[in-house]
Structure formats: structure tokens, C-alpha cells
Amino acid sequence: MASVPREGASRVGERLAMLERVERLLSPAARYQAGVVAVTAKNGPAAVRFLTPIQGTPDRPNGLAGIVLARAHYQAGNPQAGRAALLAGAADTNPAARAAYRKELAWVAEPQELADWIIQGKADFRLIDLRTGNEFNEYHIPGAENVPITALAGYGLNTMEK
């Protein structure tokens, strides 16, 4: 996600109010940045309003906007739409979008944390490897499921799992 200058909550709120006044004049790239400001201001409904019209535009591929839009939907209290935005964005094959998703999803399990789980014999988690089939076939952790990130939306992960 693009960085937003560090400023107090009231300043971010002021910036968001200004962006809302000129919303109809914003380009897709500016709408994306306005969505980032809205998420930073914890105003999910405003972020959804800024980001929804630009999904899939050449200026802002689904994957990049999908991450921010997913956060916006969660902030707005709509987790189903947030999950749908996240999964739709995950199917984007744009290299920048894929890199953003890899960075965004890295928190799920850090390599050391996963290694500890395996060493401890924990079995209460699902390991889903998002690499391509060729990468997976070259080497993978035993027990891992291969679901290329481009196929994640149709994989049927309906609940948040460990």
C-alpha cells in the first residue's frame, strides 16, 4: 500500500473531507490514493466508495486495489465483501499486484513460526503454498496443498483457518 505521511488523525480527517468534496474529479490513480487515505482514517465506507469504481482499471490493477478495498470492507463491517475483494485481487497476475499480495499475506505464518510448528508436531493448521505448480513440484513442505495464487478465489476457503 502506498505510504501516507504521518500526521495526526484530525489532519487525515481533513484531507479525507477535502478528497470527498472533489471525488468526481479524481482520476483512477487519485481515487486509489484517496482510498488509502480513507483506510488510514479508518473510514471504511468512504474507502469503499473511492475504490469500487476503479477495480480492474489499467491504472490500478485488481490486486493492488483489492488489498485496500478488502481492508475498507472490513472496516465498514462487511467481512464477506472484504473476503471477496481480497480473493478477486489475488487472481491478478500483474507482477506488482502479486508482489503486494506476497508482502501483505506474509504475516499469516513467518517461516520460523511455521518451522516451529512442524518441529513441535502441531497438526492444527493448513499449509497452503501459493506458488506456481512448477515451483511447488520442484520442492514443497510435506503436507502442503498447492493452490497457485491465481486460483485462490475459486478454491473454496470459506472460513478463516489457522
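Please read all numbers here as calculations on a predicted model, not as lab measurements.

What counts and what doesn't
- Residues numbered from 1 in each chain as written.
- Predicted model: local features only at pLDDT ≥ 70, side-chain atom pairs only at ≥ 80, totals over all residues.
- Heavy atoms only, no water.
- Phe/Tyr/Trp six-rings, centres within 6.5 Å; stacked < 30°, edge-to-face > 60°.
- Lys NZ or Arg CZ within 6 Å of the ring centre and 35° of its normal.
- pLDDT = per-residue confidence, 0-100.
- Helix = DSSP H or I, 4+ residues; strand = E, 2+ residues; numbered from the N terminus.
- Buried < 20%, exposed > 50% of the residue type's maximum accessible area, 1.4 Å probe, protein only.
- Polar contact = N/O pair within 3.5 Å; in protein donor to acceptor, adjacent residues only side chain to side chain.
- Core = buried A, V, L, I, M, F, W, Y, C linked by side-chain atoms within 4.5 Å.
- Contact = heavy atoms within 4.5 Å.

**Overview of the packing of aromatic side chains**
For any pair of aromatic rings, geometry is given as the distance between the ring centres together with the angle between the planes.
And step 1. In the structure shown here, the tally under the stated rule is zero aromatic pairs.
And step 2. The ring of Phe-50 carries the charged tip of Arg-49 above its face, separated from the ring centre by 5.9 Å.

**Regarding the confidence of the model for the protein**
And step 1. Looking at the protein, the pLDDT average stands at 77 and 80% of residues meet or exceed 70.
And step 2. When pLDDT is averaged over each helix and strand of the protein, the minimum, 74, is found for helix H6 (residues 95-105) and the maximum, 91, for helix H8 (residues 133-138).

**Observations regarding helix H3 (residues 44-51)**
And step 1. For H3, a buried count of six out of eight residues is recorded, marking the element as mostly surrounded by other parts of the structure.
And step 2. Taken as a whole, H3 has its buried residues at Gly-44, Ala-46, Ala-47, Val-48, Phe-50 and Leu-51.
And step 3. At the N-terminal end of H3, a side-chain oxygen is found 3.0 Å from the backbone nitrogen of Ala-46, two or three residues along, and the residue is Asn-43.

**Some details on the nonpolar core**
Most often, soluble globular proteins have nonpolar side chains that are buried together.
And step 1. Counting 22 residues, the largest nonpolar core has Leu-16, Tyr-32, Ala-38, Ala-47, Phe-50, Leu-51 and Val-68 as its most contacted members.
And step 2. The set of elements that each furnish at least two residues to this core consists of helix H1 (9-21), helix H2 (28-40), H3 and helix H4 (62-75).
And step 3. Sort the elements by how many residues they give to this core and H2 lands first, with six residues.
And step 4. Setting aside its immediate chain neighbours within four residues, Ala-38 contacts Leu-16, Asn-43, Ala-46, Ala-47, Phe-50 and Gln-75.
And step 5. Counting 10 residues, the second largest nonpolar core, distinct from the first, contains Leu-87, Ala-97, Ala-100 and Tyr-101.

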